[in-house]
Amino acid sequence: MEGNVLEECVLELFRIGVVKFGSFTLKSGMQSPVYFDLRIIISFPKLLETVAQLMWEKRPGTDYQLVCGVAYTGIPIATVISNKQDVPMVIRRKETKGYGTKKMVEGIYEKNQECLMIEDVIVSGSSVYETVETLVELGLEVKDAVVFLDREQGGASNLTALGINIIPVITLTELMEILLKHGRVNQDTYNSVKEFVASHNDTSIVTKAKISCKNGIKVTDRKDQTFESRISTTNHPLSRRLFKIMLRKKTNLCVAADVATSQQLLSLADQLGPHICLLKTHVDLMSDFTLDTTQELKELAEKHNFLLFEDRKFGDIGNTVAKQYSGGAHKVVEWAHLVTAHALPGPGVIEGLASAAQDQERGCVLVSQMSSVGALTSNEYVNGCSRLAENHTYFVVGFVSQSSVSGDSRFILFTPGVQLEKSVDGLGQQYVTPRAAVLERGADIIIVGRGITQASDPVATAITYKHQAFSAYEERVAGGTS
Ligand code: S5P
């Protein structure tokens, strides 16, 4: 009986346009071939009642004293359940009101009351978790969440790992089977959704307590782990070296030596060497840069214990970047430990660079976000970079970014656009302070160019940046950001 009601309900939801096929960007930035928009159900009161009834029948417990719908679509469903079953309801606001009682939760409740969560669709499970977190902070007991549709993208296992029992009325696969069986979709559409589900099931949740949960396994967020502990989690030898250098020299400063001559570069490298973990170059800015310069640069890097980072931003097909990296006038692969690369070409750019590196200890940093005004690095692009990195940890060391694009402690985040004062230059560069870069934007390493190279006393200025950035890192791992 329930099977028929469910099938009819799914067909009706399809008829009114709740299920859409095409190309959709989800809240997380993920691109999906299917979208489930249950919001419109408020325009179909009878169908809303059926959905609410199907969800209520799935409740695992017997004595809930409250129901709570996750904003927004969970709220009207929970309202119907509350009304029909005579169970009081609470609502958790998305933002605290700036006036009145400033309450996060509306409705009357008492500590230790058991509350059933109601949500329309889960992807990672983060919306459910955020709501549960607030209710639990107020002393309510929340163990069970009924969702109408589980998109099977890791949300259920993430929530289970965080102690929430998640019960879907239907999974995306089951929904697609019903639509296929009744001829509402063809086999190709069915297959494309199945493929999507199989390849996009590794979503994650980061909790307020900074525990993140990925693939159903709890892990502490990158930002809260010490460089020391990350030495053992990363599998890239250059990341391990960088962590060790940063700890030994107490510096997470990378200087961008964007100068015009080899002499200026070598002189900066020697003066600033004791205070940096990395020296970033754009050797194509110099007219006189030769392989002799690289020899001297390598000696200075040895002498002061820092790594060399050529910011070439490789961004072509694998075959081309492999030749650009190993050949040309600069033979970058022979002297630069790290290079930057754009993720735009896809995996080929990393594989091309890695093939040219052969067995030398080399790595790349993917440009995930840029510091310039109007950068086109959308959420989808950022997520794509993370997936590329996760699949190429043998070569990708981390990301150039402006926010905490990854909670994965194996990756190092490099943040440029840093000066002692928040400001802009005349060509779209935007600056934040070293403290903001580390504490608010999640940088592990700050990249500073003109703030140091054009200072009247570059060494003294580098020391100021070094102290500010490293103490912000120490504060962060000590729990200072919460
Ligand atoms: O988004 C970015 C990425 C990079 S690598 N924004 C940046 O500014 N960079 C580089 O960082 C840029 O090419 C330059 O070498 C350095 C910033 O220099 P500054 O003088 O503005 O501090």
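Parameters at a glance
- Residues numbered from 1 in each chain as written.
- Predicted model: local features only at pLDDT ≥ 70, side-chain atom pairs only at ≥ 80, totals over all residues.
- Heavy atoms only, no water.
- Helix = DSSP H or I, 4+ residues; strand = E, 2+ residues; numbered from the N terminus.
- Buried < 20%, exposed > 50% of the residue type's maximum accessible area, 1.4 Å probe, protein only.
- Phe/Tyr/Trp six-rings, centres within 6.5 Å; stacked < 30°, edge-to-face > 60°.
- Pairing = 2+ DSSP bridges.
- Contact = heavy atoms within 4.5 Å.
- Axes fitted to C-alpha atoms, helices over the stretch in contact; angles between N-to-C directions.
- Near = heavy atom within 4 Å.
- Polar contact = N/O pair within 3.5 Å; in protein donor to acceptor, adjacent residues only side chain to side chain.
- Areas by Shrake-Rupley, 256 points an atom, 1.4 Å probe, with all protein chains shown as cover.
- 1 Å grid on protein atoms, 1.4 Å probe; cavity = no way out; pocket = protein on both sides within 12 Å on 5 of 7 lines; lining within 4 Å.
- Sits in = over half its atoms within 2 Å of the grid points.
- Nonpolar A, V, L, I, M, F, W, Y, C, P; charged D, E, K, R; others polar.
- Salt bridge = Lys/Arg side-chain N within 4 Å of Asp/Glu carboxyl O.

Going by what an unreviewed UniProt entry lists, the protein chain is known as Uridine 5'-monophosphate synthase and is assigned to Petrolisthes manimaculis.

Before we move on, can you summarise unusual backbone geometry with the specific residues and values?
A cis amide bond links Ala-71 with the next residue in sequence, Tyr-72, at an omega value of -5°. Along the chain, Tyr-72 turns up in the loop between strand E3 (66-69) and helix H3 (74-85). Phi angles above zero are rare outside glycine, and Glu-152 is one such case at about 60°. Mapped onto the elements of the fold, Glu-152 is located in the loop between strand E7 (144-150) and helix H5 (155-161). Taking the relative accessible area as the measure of exposure, Glu-152 reaches 25% and is therefore partly exposed.

Account for the packing of aromatic side chains, with residues named and values stated.
Counted according to the given criterion, the structure contains 9 aromatic pairs. Taking 5.5 Å as the distance between ring centres and 65° as the angle between the ring planes, the aromatic pair formed by Phe-314 and Tyr-325 counts as edge-to-face. Taken together, the residues span a long stretch of sequence, with Phe-314 in strand E14 (residues 307-314) and Tyr-325 in helix H12 (residues 318-326) at a distance of 11 residues. Judged by centre distance (5.3 Å) and plane angle (65°), the ring pair of Phe-399 and Phe-411 falls under edge-to-face. Here Phe-411 lies in the loop between strand E17 (396-400) and strand E18 (412-415) and Phe-399 lies in strand E17, a separation of 12 residues in the sequence. Ring-pair connections join several aromatic residues into one group, and the members of that group are Phe-227, Phe-243, Phe-470 and Tyr-473.

Any details on the sheet that holds E7? Residues and values, ideally.
Strand order across the open sheet formed by 6 strands is E5-E4-E3-E6-E7-E8, with mixed pairing between neighbours. Since the sheet does not close on itself, it has two edges, and those belong to strand E5 (105-106) and strand E8 (165-171), each with one partner. Where E3 meets strand E4 (residues 89-92), 3 bridges bridge the pair, whose relative direction is parallel. From the neighbouring strand, Gly-69 faces E4, where its bridge partner is Ile-91. Across the sheet, H3 is in contact with E3, E4 and strand E6 (115-122); its angle to E3 comes to roughly 155°. Each of E3, E4, E5, E6 and E7 is contacted by helix H4 (residues 126-137), which is oriented at about 160° to E6, the strand it contacts most.

Describe the sheet that holds strand E21 (residues 445-448), and please don't skip the residues or the numbers.
Spatial strand order, E12-E13-E14-E15-E16-E17-E18-E21: 8 strands in a closed barrel with parallel pairing. Between one strand axis and the next, the sheet turns through 30° on average, direction left out of account. Pairing of strand E12 (residues 253-256) with strand E13 (residues 278-281) involves 3 bridges; the strand directions are parallel. Paired with Ala-256 across the bridge in E13 is Lys-280. Sheet contacts for helix H14 (residues 347-357): E14, strand E15 (338-342), strand E16 (363-367) and E17; angle to E15, the most-contacted strand, approximately 155°. Strand contacts of helix H15 (residues 379-391): E15, E16 and E17, with the helix running at about 165° to E16, the strand carrying the most contacts.

Go over the site of the ligand with me, naming the residues and quoting the values.
Lining the immediate surroundings of the ligand are 17 residues, of which Asp-258, Lys-280, Ser-371, Tyr-431 and Arg-450 lie closest. Gly-449 is positioned such that a nitrogen or oxygen atom in its backbone is 2.9 Å from an oxygen atom of the ligand. Arg-450 places a main-chain nitrogen or oxygen 2.7 Å from an oxygen atom of the ligand. Burial of the ligand by the protein amounts to 91% of the accessible area it has alone, namely 490 Å². Spatially, the ligand is embedded in the second largest pocket. Of all the elements in the fold, those that place two or more residues in the shell around the ligand are E14 and E21. For the shell around the ligand, the residue count by class is 7 nonpolar, 5 polar and 5 charged.

How would you summarise the pattern of salt bridges if you had to cite specific residues and measurements?
What the rule picks out here adds up to 23 salt bridges. For Glu-106, the salt bridge identified is with Lys-103, shortest N-O distance 4.0 Å. Judged by relative accessible area, which is 23%, Glu-106 ranks as partly exposed. With a closest N to O distance of 2.9 Å, Arg-435 and Glu-475 form a salt bridge. Taken together, the positions of Arg-435 in helix H16 (residues 434-440) and Glu-475 in helix H18 (residues 458-477) put the pair 40 residues apart, joining distant regions of the chain. For Arg-435, a relative accessible area of 41% gives the class partly exposed. A single network of salt bridges, built from pairs that share partners, joins Arg-222, Arg-230, Asp-444 and Arg-476.

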